[in-house]
Amino acid sequence: MTRTVYLNGAYLPEDQAKVSIFDRGFLFADGVYEVTSVLGGKLLDFEGHAVRLQRSLSELEITNPISKDDLLEVHRELVRLNEIDDGLIYLQITRGAADRDFAYPPADTPCTIVLFTQAKPGLAENPMAQTGLKVISIEDQRWGRRDIKTVQLLYPSMGKMMAKAAGAHDAWMVEDGFVTEGTSNNAYIVKNGKIITRHLGHEILHGITRAAVLRFAREAQMEVEERAFTLDEAKDADEAFITSASMFVMPVVELDGAPIGTGKVGQVASRLREIYVDESRKAAI
Ligand code: PDD
């Protein structure tokens, strides 16, 4: 089945959706994105993604070209047209096409807005949740505004390749000795029952899954500390895990070739994954 995608107000077969070579997303990575998961044909945390999208756009002085209601409608229509049961919806908004110039084009330049679906049957039953991920540590060499969800993903992409070359699944990035986050996820350790994850700031993306998971953890009377943790602390942790819209809560069992804790999937990560998937399914729209 050919995918139907959304481009600037039109639903099109994917091979007919074309964007200008002058698009600033292409020339300057001048654009932002969101990834929203779909379980059972319903959207998880749509509200959180819509709010973060607005924030990313505002930080870059891009006028949001679409209302929240219309955006929800487009998400639902793409799920319907592509018969997505479990999967992801990718959304990208760029500053649009203009003659190449480092200065932003006039504010009334039409944005480019693109959405497409990725079917991921069994997204919530990922077998990796039973065995856990192996991660390596790499230096965080990204720009300083990681709280803005821009499409400049080259360094995270390089990080993923470094992980693959080392026989691992992903990389945790480290700055001044402290872990920032994973290539495309937020990072957590568990020590003596306490969940520790980096505090919000410009250094990390403010994960929508992170916000939900920390809320569920506190509701379940788990202790949470939002602070930077060192790579050494991570190596000495009882458990570790990551969160993202595509992985939900995913245990991490190995860091730089050494087991974390017992080297097996931990109880805290397993429990949080279960709670997150259950509660998110219930709240999905
Ligand atoms: N990545 N940190 C980074 C650097 C990310 O790219 C992501 C998401 C997260 C987790 O955010 P959320 O919980 O809102 O998905 C943290 C998406 C899934 C991606 O690029 O595919």
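Residues numbered from 1 in each chain as written. Predicted model: local features only at pLDDT ≥ 70, side-chain atom pairs only at ≥ 80, totals over all residues. Heavy atoms only, no water.

Peer 1: Give a detailed account of helix α6 (residues 208-219), specifying residues and quantitative values.
Peer 2: The end-to-end C-alpha separation of α6 is 17 Å, in line with the 16 Å expected for 12 residues at 1.5 Å each. All buried positions along α6 are accounted for by Ile208, Thr209, Arg210, Ala212, Val213, Leu214, Phe216 and Ala217. Downstream of α6 by a residue or two, Gln221 has a phi angle that is positive, lying close to 65°. (Helix = DSSP H or I, 4+ residues; strand = E, 2+ residues; numbered from the N terminus. Expected span 1.5 Å × (residues − 1). Buried < 20%, exposed > 50% of the residue type's maximum accessible area, 1.4 Å probe, protein only.)

Peer 1: How would you sum up the site of the ligand? Please name residues and give values.
Peer 2: As a structural note, the neighbourhood of the ligand is formed by 18 residues, with Tyr33, Arg52, Glu181, Thr209 and Ala245 the closest of them. Taking Tyr33, its side chain carries an N or O atom lying 2.6 Å from an oxygen atom of the ligand. Here the ligand, which alone exposes 470 Å², has 89% of that area covered by the protein. Contributions of two or more residues to the shell around the ligand are made by β3 (31-39), α6 and β13 (239-244). When grouped by side-chain class, the residues that make up the shell around the ligand number 5 nonpolar, 9 polar and 4 charged. Here the shell around the ligand spans two domains, and each of domain 1 (4-122) and domain 2 (128-283) adds at least three residues to it. (Near = heavy atom within 4 Å. Polar contact = N/O pair within 3.5 Å; in protein donor to acceptor, adjacent residues only side chain to side chain. Areas by Shrake-Rupley, 256 points an atom, 1.4 Å probe, with all protein chains shown as cover. Nonpolar A, V, L, I, M, F, W, Y, C, P; charged D, E, K, R; others polar. Domains from an automatic or database assignment.)

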